[in-house]
Amino acid sequence: IFRDKQHVFSLLMINGGPGQHANSPYYPLPFSSMIVAGVPDSGYQHPQLLPKFTLADGSQLIATAFIKNIRSQKNGAQHVVTFQQDALTQLGKNIPIKDARIKLDTTYTMASGVITRTDKYTPSSALDVENVTLEFASFSDEATLAGSKVTFGKGNVSAFAVTGMRHCKTEKTQGREEYKSPSSPMKTVVVCSLDRFTMRAPLVITWAMNYR
């Protein structure tokens, strides 16, 4: 639990298990009212704040279920949480399926007004990747995109920036069902992508979320 300003963040560490592992309310994310939320029965088509790998063989992978070695420490005014996954989750089944072709080291850094997540994805051997996507469905609105950083004119989240991806875009949710949380519908979706490459070395993807 991380408290800052008028907000309370809960960094969830459960894997959802059969039937739920692919749904965003069970992802390892810093959930907080009107800042970060999941969508019940969302599936994995638009995974919230987790990079999704689509491999050349058609497999789709996200990092949800095989968390271990959780560590937490306070570093001055910052709180740092680290964990590892020795395999990603292969999607499309009712239960989480281990796929050890990629492993992951994750670091969350929480400071006043900003949360940063850094993921280091390491392949077990050279791996052909069709694309990697990262999505953030936000309650904030009036988005302005400059490169891979989005600033919001309205809402609790003031900015969202991504490194490690090539292209980003924003769009309004237009009230679509896949972007309706239990508390309120999201208003803006940020989508970043990295297309067609052979993964031979670790890939580092970072997102930073500033909030009011």
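Just above sits the structure.
Source: prediction; values computed, not measured. (Residues numbered from 1 in each chain as written. Predicted model: local features only at pLDDT ≥ 70, side-chain atom pairs only at ≥ 80, totals over all residues. Heavy atoms only, no water.)

Visitor: What is the right way to read the sheet that holds strand β2 (residues 7-11) from this model?
Guide: Hydrogen bonds along the backbone pair up the strands of a sheet, which may run parallel or antiparallel. Strand order in the open sheet made by the three strands is β1-β2-β3, with antiparallel pairing throughout. The open sheet is flanked by β1 (2-4) and β3 (30-31), the only strands paired with a single partner. Summarising the sheet, β2 and β3 pair through two bridges and their orientation is antiparallel. Looking across to β3, one finds that serine 10 is bridged to phenylalanine 31. (Pairing = 2+ DSSP bridges. Helix = DSSP H or I, 4+ residues; strand = E, 2+ residues; numbered from the N terminus.)

Visitor: What should I look at first to understand the side chain of lysine 52 in this one?
Guide: Residue placement: lysine 52 occurs in strand β4 (residues 52-55). Buried and unpaired, lysine 52 has no salt bridge, with glutamate 135 as the nearest side chain of opposite charge at 6.1 Å. In contact with lysine 52, other than residues within four places in its own chain, are Tyr44, Gln45, Pro47, Gln60, Leu61, Ile62, Leu91, Asn131, Val132 and Thr133. (Buried < 20%, exposed > 50% of the residue type's maximum accessible area, 1.4 Å probe, protein only. Lys, Arg positive; Asp, Glu negative; His and termini not counted. Salt bridge = Lys/Arg side-chain N within 4 Å of Asp/Glu carboxyl O. Contact = heavy atoms within 4.5 Å.)

Visitor: Please explain the pattern of salt bridges as it appears in this structure.
Guide: In a structure, side chains of opposite charge can pair up when their charged atoms sit close to one another. Taken as a whole and assessed by the stated rule, the structure comprises 10 salt bridges. In this structure, arginine 101 engages aspartate 99 in a salt bridge whose closest nitrogen and oxygen atoms are separated by 2.7 Å. Judged by its relative accessible area of 5%, aspartate 99 falls in the buried class. Because the salt bridges share partners, they merge into one network encompassing Asp57, Asp99 and Arg101.

Visitor: Help me understand the side chain of histidine 7, please; the structure alone is not making it clear to me.
Guide: For histidine 7, the location among the structural elements is in strand β2. A polar contact of 2.8 Å, which involves the side chain of histidine 7, links it to the backbone oxygen of arginine 212. Apart from residues no more than four positions distant in its own chain, histidine 7 is found in contact with Phe2, Ser32, Ile35, Asn156, Tyr211 and Arg212. (Polar contact = N/O pair within 3.5 Å; in protein donor to acceptor, adjacent residues only side chain to side chain.)

Visitor: Sorry if this is basic, but what is going on with the packing of aromatic side chains here?
Guide: Two descriptors summarise a pair of aromatic rings, namely the distance from one centre to the other and the angle between the planes of the rings. Evaluated as defined, the whole model comprises seven aromatic pairs. Seen from their ring centres, phenylalanine 83 and tyrosine 108 are 6.4 Å apart, and the 35° between their planes marks the pair as tilted. With phenylalanine 83 in strand β7 (residues 78-85) and tyrosine 108 in strand β10 (residues 102-111), this residue pair connects regions lying 25 residues apart in the sequence. On the basis of relative accessible area, phenylalanine 83 is assigned to the buried category, the value being 2%. Ring plane angle 35° and centroid distance 6.0 Å describe the contact between phenylalanine 160 and tryptophan 207, whose orientation is recorded as tilted. Here phenylalanine 160, found in strand β15 (residues 157-163), pairs with tryptophan 207, found in strand β18 (residues 203-211); they are 47 residues apart in sequence, far enough to count as distant. Accessibility classification places phenylalanine 160 together with tryptophan 207 in one group, the buried group. The structure contains a cluster of three or more aromatic residues connected by ring pairs, namely Phe83, Tyr108, Phe136, Phe160 and Trp207. Above the face of the phenylalanine 66 ring, lysine 98 is positioned so that its terminal group lies 5.4 Å from the ring centre. (Phe/Tyr/Trp six-rings, centres within 6.5 Å; stacked < 30°, edge-to-face > 60°. Lys NZ or Arg CZ within 6 Å of the ring centre and 35° of its normal.)

That's the geometry; what it means functionally is another story.
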